Amino acid sequence: MSETDQPPRSETGPAHTGSLARRMMLIAAGWITVLLLGGGLALDRTLVSLVTRNFDNQLGYMLTAMIGSAEVGPDGEVFFNRPLGDQRFLEPNSGLYWQISGDGHEDFPSRSLWDRSLKVHGGHVDNAPHTYDSNQFAGEPLRIMERSIKLPGSDTRWWFTVAESRKELDEQIRRIRSILAWSFVVLGLGLFLMAMAQTWYGLGPLRRVRLAIQRMRAAGANRVTEPLPLEVQPLVQELNALLAHSQRQAEEARTHAGNLAHALKTPLTVVMNAATAKAPDLSETVIREAAVMRRQVDHHLARARAVGRRAVGQARASVGESVEAVLRAVTRLYERTRFDLDGNRDAMIAIERQDLDEILGNLIENAAKYGGGSVFVTMDPTAETEWCEVWVEDDGMGIPEAERTRIFDRGARLDTGKPGTGLGLAIVRDVAEIYGGSVTLDESEDLGGLLVKLRLPRARGNK
């Protein structure tokens, strides 16, 4: 078929639910963002706490040195018996200060305070160092540690206070947060790029499947044979099964068409020869050959209907309902025949109801036609897990074992004295095989005639 003969394709294409790659990337981006934000905040709090604790430890060392060097003089005032080691205490406005305060006494400040003094939080007792932030100096936020203690030889509770500018601490925190921010931005971009590469690589097999299907259309192949990951193998197996199913249907259609053409060729040739020769029995020849062609057409139509219905989907039919419906119809044609029914009436098989009625109708009608007046139908006698059988027995002459294979041929008849086309068992066999079943012939032990065993796959969920 040329390009101009092909049906127009839809401009919008089939409906879809969005890009799988985009969905994976959004999920990855969301998780990366959440985890990096959570990890960044936790790491920021940890590092800031470590830096602040180290800063406070330095203040604590200075406070301990102050308390260890302090004494009370004869005049009741505090003095240091040795100078403190940090030079910044001697430099005005250096950012490092100390002060000792006591009720009824003047404050004893460090030279670095110059003309300022630290506001002590009195009114309570700090037996352990107390640390807090303060903005009492304009433009110079302070980190203050203080402790109250009574020195030997004095009843006064003295407040020892050490303060240091937060500028260095805040600068360290700023640098840490800047490094964290840039590090996490680079890490996030790296993770996102890695997620993109992972998505592209992970979805690669699906692209390979698409390319394989394109090559199949171009090269006319009927299977995807390219090695693929385990996760994609079920999809490829189902695709190959679908392709095999479609190919099998196409082969069946070609076979049916060829068989029908071959079957009709001979009758048409006979009619044409008789018409060309102006044979005196032309009308009888036309009627006879038309009947032959009609039988062939009926046979192939039955097969085509079965193939079409099988392709629709998962079929289900009740054996009991189908057998009872067929018996009601056949009983009217053969009123003198006795029909007995037994077995599991609730058995379900994977076949369309119309095809099951046609199969059972041929089998039961043949049993009534060629039997001696008694027909026995048994439903699901073996109760197998995967297969369901239907037995049709009669008390007729039966079929010799040597003829049981030939009787399934189209048009084959052992008793030509009774009306028929010879297509009944052939149709039964063909339709049963279309559904994956089979038909076998045997001898009935109870009635002595023919025993026909119809075997069809059981419907899912039915045991």
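Residues numbered from 1 in each chain as written. Predicted model: local features only at pLDDT ≥ 70, side-chain atom pairs only at ≥ 80, totals over all residues. Heavy atoms only, no water.

Brief notes about the overall build of the chain
For clarity, the cut-off: What counts as a helix is a DSSP run of H or I of at least four residues, what counts as a strand is a run of E of at least two, and both are numbered from the N terminus. Between two residues, a contact is recorded if the distance between any of their heavy atoms is within 4.5 Å. Computed by Shrake-Rupley with a 1.4 Å probe, the accessible areas treat only the displayed protein chains as cover when residues are assessed.
Looking only at helices and strands, the chain has eight helices and 14 strands in total. Restricting to contacts in the chain with at least 6 residues of sequence separation, those with at least 24 account for 59%. Looking at the chain as shown, the accessible area adds up to about 28000 Å², and 56% of this sits on carbon and sulfur atoms.

Points about the sheet that holds strand β14 (residues 450–457)
Note the threshold: A pair of strands is labelled paired if DSSP reports no fewer than 2 bridges between them. Every angle, taken between N-to-C directions, lies between 0 and 180 degrees, and every axis is a line fitted to C-alpha atoms, over only the stretch in contact when it is a helix.
Pairing in this open sheet of five strands is mixed, and the strands run β9-β11-β12-β14-β13 from one edge to the other. Taken across any chain shown, the strands that pair with only one partner, and hence form the sheet edges, are β9 (338–343) and β13 (438–443). Sheet twist, expressed as the average angle between the axes of neighbouring strands with direction ignored, equals 15 degrees. With five bridges connecting them, strand β11 (residues 374–379) and strand β12 (residues 387–394) associate as antiparallel partners. Bridge pairing in β12 places M379 opposite V390. Its contacts with the sheet place helix α6 (residues 319–333) against β9, β11 and β12, and it is angled at close to 175 degrees to β9.

As for the packing of aromatic side chains
Threshold: Only Phe, Tyr and Trp rings take part, Trp by its six-membered ring, and two of them pair if their centres are within 6.5 Å. Stacked means planes under 30 degrees apart, edge-to-face means over 60, and tilted covers everything else. Only protein chains enter the accessibility calculation, which uses a 1.4 Å probe; a residue is then buried when its area is under 20% of its type maximum, exposed when over 50%, and partly exposed in between.
In this structure the tally under the stated criterion is four aromatic pairs. Taken together, a centroid distance of 5.7 Å and an interplanar angle of 45 degrees make the contact between F80 and F108 tilted. With F80 in strand β2 (residues 78–80) and F108 in strand β4 (residues 108–109), this residue pair connects regions lying 28 residues apart in the sequence. Relative accessible area serves as the criterion here: at 17%, F80 is assigned to the buried category.

A look at the confidence of the model for the chain
The following threshold applies: Per residue, pLDDT measures the predictor's confidence, with a range of 0 to 100.
Taken residue by residue, the chain gives an average pLDDT of 81. The fraction at 70 or more is 85%. The least confident element of the chain, judged by mean pLDDT, is helix α5 (residues 282–312) at 68; the most confident is β11 at 92. Scored below 50 in pLDDT, residues 1–11 makes three contacts in the model with residues more than four places away or belonging to other chains. Every residue in residues 411–423 is under pLDDT 50, and counting partners more than four places away or in other chains gives 30 contacts.

Observations concerning unusual backbone geometry
One non-glycine residue, N93, lies in the positive phi region at around 55 degrees. Inspection of the secondary structure puts N93 in the loop between β2 and β3 (96–102). Of the residues examined, N93 reaches a relative accessible area of 47% and is grouped as partly exposed. Its identity is not glycine, yet W114 carries a phi of approximately 55 degrees, on the positive side. Secondary-structure assignment places W114 in the loop between β4 and β5 (130–134). Under the relative-accessibility criterion, W114 is labelled exposed at 58%.

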